[in-house]
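These are the residues of each chain, in order.
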Amino acid sequence: MTNKRKEKKCSESIVQMTEVVLPQHTNSLGTVFGGVVLSWVDIAAAICAQKHCNKVVVTASIDAMNFLAPIHLGWIVNIRATLNYAFKTSCEVGVRIEAENALQQEHHHTASAYVTMVAIDSNGKPALIPTLTPQSEEEKRRALQAQRRRKMRLLLKDKQNSDIDD
């Protein structure tokens, strides 16, 4: 019996969500709370990873969360999540947030993040996931960058753990 992992394409797990900024999403300046954006990022990343893994997934980390521009009350928010790389039991999902002022016909790239999700088996332990087969040059570039970011995440994690032990 072989232990070969199933292969999947990036296009099989892409997630596109749309939200509208309502009063409960905003702060006293009339712009969306960062935590609301983080919630949307986490949801989109989880759906993307779950589609790839066909398993329950949990968030291991959110890194490089960059807020680039405010999102105002009444604007439309478009969230796109794409699997960048599948490791053994975890995967990196890139999430891009674009805000749209439909009245002014303006579009703004407002936030980006990289989210690491871990697949969980029925016993609550990390589970093997399918490999990812990038097709386009863009997908190959994102896969290479994801591998580099993972090395940096692991180095940072080791450093943080050694700092805690001191």
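Here the structure is shown first, and the text comes after it.
Computed from a predicted model, the values in this text were never measured in an experiment.

Some thoughts on the overall build of the protein chain
- A count of helical and extended segments in the protein chain gives two helices and seven strands.
- Tracing the protein chain from N to C terminus, the helices and strands come up as β-β-α-β-β-β-β-β-α.
- With respect to the three principal axes, the spread of C-alpha positions in the protein chain is 60 × 45 × 30 Å.
- With 166 residues in all, the protein chain has 37% of them scored as buried.
- For the protein chain, long-range pairs separated by at least 24 residues make up 72% of all intrachain contacts whose partners lie at least 6 apart in sequence.

A word on the nonpolar core
- I71, V93, V95 and I97 are the most contacted members of the largest nonpolar core, which has 36 residues in total.
- Those elements that place two or more of their residues in this core are β2 (15-20), α1 (34-53), β3 (56-67), β4 (76-86), β5 (90-101) and β6 (106-120).
- With nine residues, α1 is the largest single contributor of residues to this core.

Digging into the packing of aromatic side chains
- This structure, assessed with the given rule, holds one aromatic pair.
- Between Y85 and F87, the aromatic rings sit 4.6 Å apart at their centres with planes inclined by 45°, giving tilted as the arrangement.
- Seen from the ring of Y114, R149 lies directly overhead, with NZ or CZ sitting 3.5 Å from the centre.
- Seen from the ring of F87, R150 lies directly overhead, with NZ or CZ sitting 4.4 Å from the centre.

With respect to the sheet that holds β5
- Strands sit in the order β2-β4-β5-β6-β3 across an open sheet of five strands; the sheet is antiparallel. Edge strands, defined here as strands with exactly one partner in the open sheet, are β2 and β3. If you compare each strand with its neighbour and ignore which way they point, the axes differ by 25° on average.
- Where β3 meets β6, nine bridges bridge the pair, whose relative direction is antiparallel. Pairing of T59 across the sheet is with M117, part of β6.
- Along the sheet, α1 makes contact with β2, β3, β4, β5 and β6, crossing β3 at roughly 135°.

Section: α1
- Across its 20 residues, α1 extends 28 Å between first and last C-alpha, which sits within 8% of the 28 Å expected from 1.5 Å per residue.
- By the burial criterion, the buried members of α1 are V36, V37, W40, V41, A44, A45, C48, A49, H52 and C53.
- Downstream of α1 by one or two residues, N54 has phi in the positive range, about 55°.

Considerations on the pattern of salt bridges
- For the structure shown, the criterion picks out seven salt bridges.
- D63 serves as the salt-bridge partner of R153, at 2.9 Å between the closest nitrogen and oxygen. Highlighted residues: R153 in helix α2 (residues 137-165) and D63 in strand β3, separated in sequence by 90 residues. Of the two residues, R153 and D63, both sit in the buried class.
- The salt bridge involving E92 is made with R149; its shortest N-O contact spans 2.6 Å. A residue pair is termed long-range when its members are at least 10 positions apart, and E92 in strand β5 and R149 in helix α2 qualify at 57 residues.
- Here the salt bridges share partners, and the residues they tie into one network are D63, E92, R149 and R153.

The rules behind the values
- Residues numbered from 1 in each chain as written.
- Predicted model: local features only at pLDDT ≥ 70, side-chain atom pairs only at ≥ 80, totals over all residues.
- Heavy atoms only, no water.
- Helix = DSSP H or I, 4+ residues; strand = E, 2+ residues; numbered from the N terminus.
- Buried < 20%, exposed > 50% of the residue type's maximum accessible area, 1.4 Å probe, protein only.
- Contact = heavy atoms within 4.5 Å.
- Core = buried A, V, L, I, M, F, W, Y, C linked by side-chain atoms within 4.5 Å.
- Phe/Tyr/Trp six-rings, centres within 6.5 Å; stacked < 30°, edge-to-face > 60°.
- Lys NZ or Arg CZ within 6 Å of the ring centre and 35° of its normal.
- Pairing = 2+ DSSP bridges.
- Axes fitted to C-alpha atoms, helices over the stretch in contact; angles between N-to-C directions.
- Expected span 1.5 Å × (residues − 1).
- Salt bridge = Lys/Arg side-chain N within 4 Å of Asp/Glu carboxyl O.

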